[in-house]
Amino acid sequence: MSDPKLISKIPDGPLAEKWSKRKAEIRIVSPNNKRKLEVIVVGTGLGGASAAASLGELGYNVKIFCISDSPRRAHSIAAQGGINAAKNYQNDNDSIYRLFYDTIKGGDYRSREANVYRLAEVSAAIIDQCVAQGVPFAREYGGYLANRSFGGVQVSRTFYARG
Ligand SMILES: Cc1cc2nc3c(=O)[nH]c(=O)nc-3n(C[C@H](O)[C@H](O)[C@H](O)COP(=O)(O)OP(=O)(O)OC[C@H]3O[C@@H](n4cnc5c(N)ncnc54)[C@H](O)[C@@H]3O)c2cc1C
């Protein structure tokens, strides 16, 4: 059973629904008009590069800029601890709210809450996508995806590559 104190704190209004509401309200660009629009992306880390690739695939004209000598100078290349996802594979009571809360706290309470909530919400799907794309995540001997506790959190939710 989940902690009732946590349940009472689950954002049940505008915060948790902000992204889905935005997605429902946003105006759609017709496919013919997409190629007429130019999108400028600044930065070629995972955030910028994936945004540029997705927008390009959707048909927009994308220009992406990198300030460093090589995109490989991005923080994204340095990261090696793993990816957090609230899949609760370890049955240690993880949840979207716990991942949301830990991420807000880990970011010194300076992150945009609705964005972090969305990150926690889609985290499980991101792991599935990575697996489908062939990311060699560490596995248990039985073949299941392995997890570890990383970054001082109390649950094991980090999907990682064993070195
Ligand atoms: C050593 C290290 C280990 C980490 N380990 C992990 C981990 O294990 N797991 C995890 O989830 N996170 C980890 N992180 C954090 C994670 O890497 C970052 O949060 C994430 O990569 C940020 O991605 P990003 O695309 O937003 O930014 P970045 O990857 O930082 O990319 C930003 C890009 O923008 C460019 N740029 C900046 N200013 C300009 C400008 N004016 N014009 C043009 N380009 C510009 C930069 O040169 C860079 O290429 C780690 C970070 C570091 C440094």
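Look up: the structure comes first, before these words.
Values in this document were obtained by computation on a predicted structure and should not be read as measured data.

Rules behind the numbers
Residues numbered from 1 in each chain as written. Predicted model: local features only at pLDDT ≥ 70, side-chain atom pairs only at ≥ 80, totals over all residues. Heavy atoms only, no water. Near = heavy atom within 4 Å. Polar contact = N/O pair within 3.5 Å; in protein donor to acceptor, adjacent residues only side chain to side chain. Areas by Shrake-Rupley, 256 points an atom, 1.4 Å probe, with all protein chains shown as cover. Helix = DSSP H or I, 4+ residues; strand = E, 2+ residues; numbered from the N terminus. Nonpolar A, V, L, I, M, F, W, Y, C, P; charged D, E, K, R; others polar. Salt bridge = Lys/Arg side-chain N within 4 Å of Asp/Glu carboxyl O. Buried < 20%, exposed > 50% of the residue type's maximum accessible area, 1.4 Å probe, protein only.

Colleague: Could you give an account of the site of the ligand, naming the residues involved and the relevant values?
Modeller: As a structural note, the neighbourhood of the ligand is formed by 19 residues, with Gly47, Ser68, Ser76, Gly81 and Gly82 the closest of them. Contacts to the ligand include Gly81, whose backbone N or O atom sits 2.4 Å from an oxygen atom. When the free accessible area of the ligand is taken as 1000 Å², the share hidden by the protein chains comes to 54%. With three residues, helix 5 (residues 75–78) is the largest single contributor of residues to the shell around the ligand. Classifying every residue of the shell around the ligand gives nine nonpolar, 10 polar and no charged.

Colleague: Before we move on, could you go through the pattern of salt bridges and cite the residues and values that matter?
Modeller: Here the structure, examined in full by the defined rule, presents six salt bridges. The partner of Glu38 in a salt bridge is Lys63, and the shortest N-O contact between them spans 2.9 Å. Residue Glu38 is located in strand 1 (residues 38–42), and its partner Lys63 is located in strand 2 (residues 61–65); the two are separated by 25 residues in the primary sequence. On the accessibility criterion, Lys63 (39% relative accessible area) is partly exposed. In this structure, Asp108 engages Arg110 in a salt bridge whose closest nitrogen and oxygen atoms are separated by 3.8 Å. Here Asp108 and Arg110 have matching classes, each one exposed. Ionic contacts of the salt-bridge type, sharing partners, join the residues Asp94, Asp102 and Arg157 into one network.

Colleague: So, the side chain of Lys87: which residues are in play, and what are the values?
Modeller: Mapping Lys87 onto the fold places it in the loop between strand 3 (83–84) and helix 6 (96–106). Side chain to side chain, Lys87 and Asp128 meet in a polar contact 2.8 Å long.

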